[in-house]
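# Results of the structural survey
Each chain, written out:
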Amino acid sequence: MNIKSWLKAARLRTLPLAATCVLLGGALAKAEGLDATGDVRFGPVVLGALLTVSLLQILANFANDYGDFSKGTDVAAGRLDRALASGDISPSSMKKALAWTALLALLAGLSTLAIAFVPGLLPGSLNTNFEALKMGTLGMLGVAGIAAAIRYTLGKEAYGYQGLGDVYVMLFFGFVGVLGVGLLVRHDVSATWLLPALFSGCMSVAVLNLNNLRDHESDAVAGKKTTVVRLGFQGGKVYHLILLAAGWSALGLFFMGPWNNGAWHGTMWYALLALLHARHAVDVWRCEDPTALDPELKRIALSTFLVALFMFMDQTLGA
């Protein structure tokens, strides 16, 4: 087994962005106020959620590699350095890895649900019919997340090839991720959490859009009808600016709203990160060479993760 090839296929650099929704959900729940039993659950539930989303992200990366290879997209794009296209990993080995990663993600998710809801595992875990309903709903969303990770590029009806990847990323890395983690921790959600969830979703879609801007020519040849392929390169850049503006507008409204009550600090840091994204927007708008967008992927992903990390630290270290 070539560990380096598997680490490359797992694309560990994508994990910080996946963790963003967990950190935001945990921070929002903490800011709303936890009782003593909630504080007992907080650490284990957040760690369990981080493990689950990391496995889901790796699963999606494996599925993306396998799906693009099986459809010939990697050859069309000239991306022969990817795990399957390069021959470093065989298709049969990748199929086994997909199955095992999906199983591990399921087990991690179920364990996290148990820690959050099942009585006796931790002091004060609740056991009412309403709590059971919440647990069941989160369980079904977790299974849907596994299916979504696999179906992104796999199968004849792979939604990533139909231009629907943006919708699924917004849903699972935005609303489901943030509100779901908040519900796990606090057993309740607030309508105001929709604003940070929209920020998380918009930034995650922006990263996907950068990837699609970079690869739009080869995607078109391979029949991968991403949003950028449908809109064109210039239209894709306009769409990217809209995502950035919508995400930061939502987060700014959340911080400035009357519901804040001084619960959030570090405005200067968020302003600096917003300026970094503004500079990123200018660079993307001026870009005429798609391959030059590759460094922007890391730039936007890590800075978005920093926003979530600062919010999480604000509520945990400053509490």
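A brief structural summary. Keep in mind the model is a prediction, meaning the values are calculated, not measured. (Residues numbered from 1 in each chain as written. Predicted model: local features only at pLDDT ≥ 70, side-chain atom pairs only at ≥ 80, totals over all residues. Heavy atoms only, no water.)

### Overview of the overall build of the protein chain
For clarity, the cut-off: Runs of H or I in DSSP of at least four residues are treated as helices and runs of E of at least two as strands, each being numbered from the N terminus. Buried residues are those whose accessible area, probed at 1.4 Å on protein chains only, stays under 20% of the maximum for their type, while exposed residues exceed 50% and partly exposed ones sit between those limits. Contacts are residue-level and defined by heavy atoms, with any inter-residue pair within 4.5 Å sufficient. Here the accessible surface of atoms and residues is derived via Shrake-Rupley with a 1.4 Å probe, and residues count as covered only by protein chains that are part of the display.
Per the secondary structure count, the protein chain includes 13 helices and zero strands. Going from N to C terminus, the protein chain has its helices and strands arranged as α-α-α-α-α-α-α-α-α-α-α-α-α. In the protein chain, buried positions account for 50% of the 319 residues. Within the protein chain, residue pairs in contact and separated by at least 24 positions form 76% of the contacts whose partners lie at least 6 positions apart. Of the roughly 14,400 Å² of accessible surface on the protein chain, 68% is carried by carbon and sulfur atoms.

### Focus: the layout of surface pockets
Our working definition: Grid spacing is 1 Å over the protein atoms alone, the probe is 1.4 Å, and a cavity is where that probe fits but cannot get out, while a pocket is an open set with protein on both sides within 12 Å along at least five of seven lines and lining residues have an atom within 4 Å of a point. Grid points are joined across faces, edges and corners, and a volume is the space filled by probe spheres set on the points. Ten residues, namely Ala, Val, Leu, Ile, Met, Phe, Trp, Tyr, Cys and Pro, are considered nonpolar, four, namely Asp, Glu, Lys and Arg, are considered charged, and the remaining ones, Gly among them, are considered polar.
Taken as a whole, the second largest pocket spans an internal volume of roughly 180 Å³. Every residue along the wall of the second largest pocket is listed here: Trp248, Leu251, Gly252, Phe255, Met256, Asn260, Trp264, His265, Thr267, Tyr270, Ala271 and Ala274. At the level of secondary structure, the elements contributing two or more residues to the lining of the second largest pocket comprise helix 11 (233-256) and helix 12 (267-286). Here the lining of the second largest pocket takes five residues from helix 11, the largest share from any one element. Class assignment for the residues of the lining of the second largest pocket results in eight nonpolar, four polar and no charged.

### Quick notes on the pattern of salt bridges
Selection criterion: Within this document, salt bridges are pairs made up of a side-chain nitrogen of Lys or Arg and a carboxyl oxygen of Asp or Glu, the two lying within 4 Å of each other.
Counted by the stated rule, this structure contains seven salt bridges. Residues arginine 299 and aspartate 283 are paired through a salt bridge, measuring 2.8 Å at the closest nitrogen-oxygen approach. With arginine 299 in helix 13 (residues 294-316) and aspartate 283 in helix 12, this pair connects stretches of sequence that are 16 residues apart. Arginine 299 gets classed as partly exposed once you look at its relative accessible area, which sits at 23%. Its salt-bridge partner being arginine 299, residue glutamate 296 comes within 3.0 Å of it at the nearest N-O pair. With glutamate 296 and arginine 299 both in helix 13 and three residues apart, this pair spans about one turn of that helix.

### Digging into a nonpolar patch on the surface
Under the convention used in this document: What goes into a patch is any residue over 30% in relative accessible area without a salt bridge, connected to like charges within 9 Å or, for nonpolar side chains (Val, Leu, Ile, Met, Phe, Trp, Tyr), within 5 Å.
On the surface, a nonpolar cluster with roughly 660 Å² of combined accessible area is contributed by Trp100, Leu103, Leu104, Leu106, Leu107, Leu110 and Val143. With six residues, the top contributor of residues to the nonpolar patch is helix 5 (residues 91-117). Within the secondary structure layout, valine 143 lies in helix 6 (residues 129-151). When its relative accessible area of 47% is taken as the criterion, valine 143 is described as partly exposed.

### Remarks on the packing of aromatic side chains
The cut-off we apply is this: We call Phe, Tyr and Trp rings a pair once their centres come within 6.5 Å, taking the six-membered ring for Trp, and we label the pair stacked below 30 degrees between planes, edge-to-face above 60, and tilted otherwise. Whether a charge lies above a ring is judged from NZ of Lys or CZ of Arg, which has to be within 6 Å of the ring centre and within 35 degrees of the ring normal.
Tallied over the full model, the rule gives 10 aromatic pairs. When the centroid spacing of 5.9 Å and the interplanar angle of 15 degrees are considered together, the rings of phenylalanine 42 and phenylalanine 312 count as stacked. On the criterion of sequence distance, the pair formed by phenylalanine 42 in helix 3 (residues 36-71) and phenylalanine 312 in helix 13 is long-range, its members being 270 residues apart. With respect to burial, phenylalanine 42 and phenylalanine 312 carry one shared label: buried. When the centroid spacing of 6.0 Å and the interplanar angle of 55 degrees are considered together, the rings of tryptophan 269 and phenylalanine 310 count as tilted. Here phenylalanine 310 lies in helix 13 and tryptophan 269 lies in helix 12, a separation of 41 residues in the sequence. Residue class for tryptophan 269 comes out partly exposed when judged on its relative accessible area of 47%. Classification of phenylalanine 310 by relative accessible area gives partly exposed; the value is 26%. Grouped by ring-pair contacts, the aromatic residues Phe254, Phe255, Trp264 and Tyr270 constitute a single cluster. Stacked on the ring of tyrosine 161, the Lys or Arg lysine 224 has its end atom at 5.3 Å from the ring centre. We note lysine 237 situated over the ring of tryptophan 285; from NZ or CZ to the ring centre the distance is 5.6 Å.

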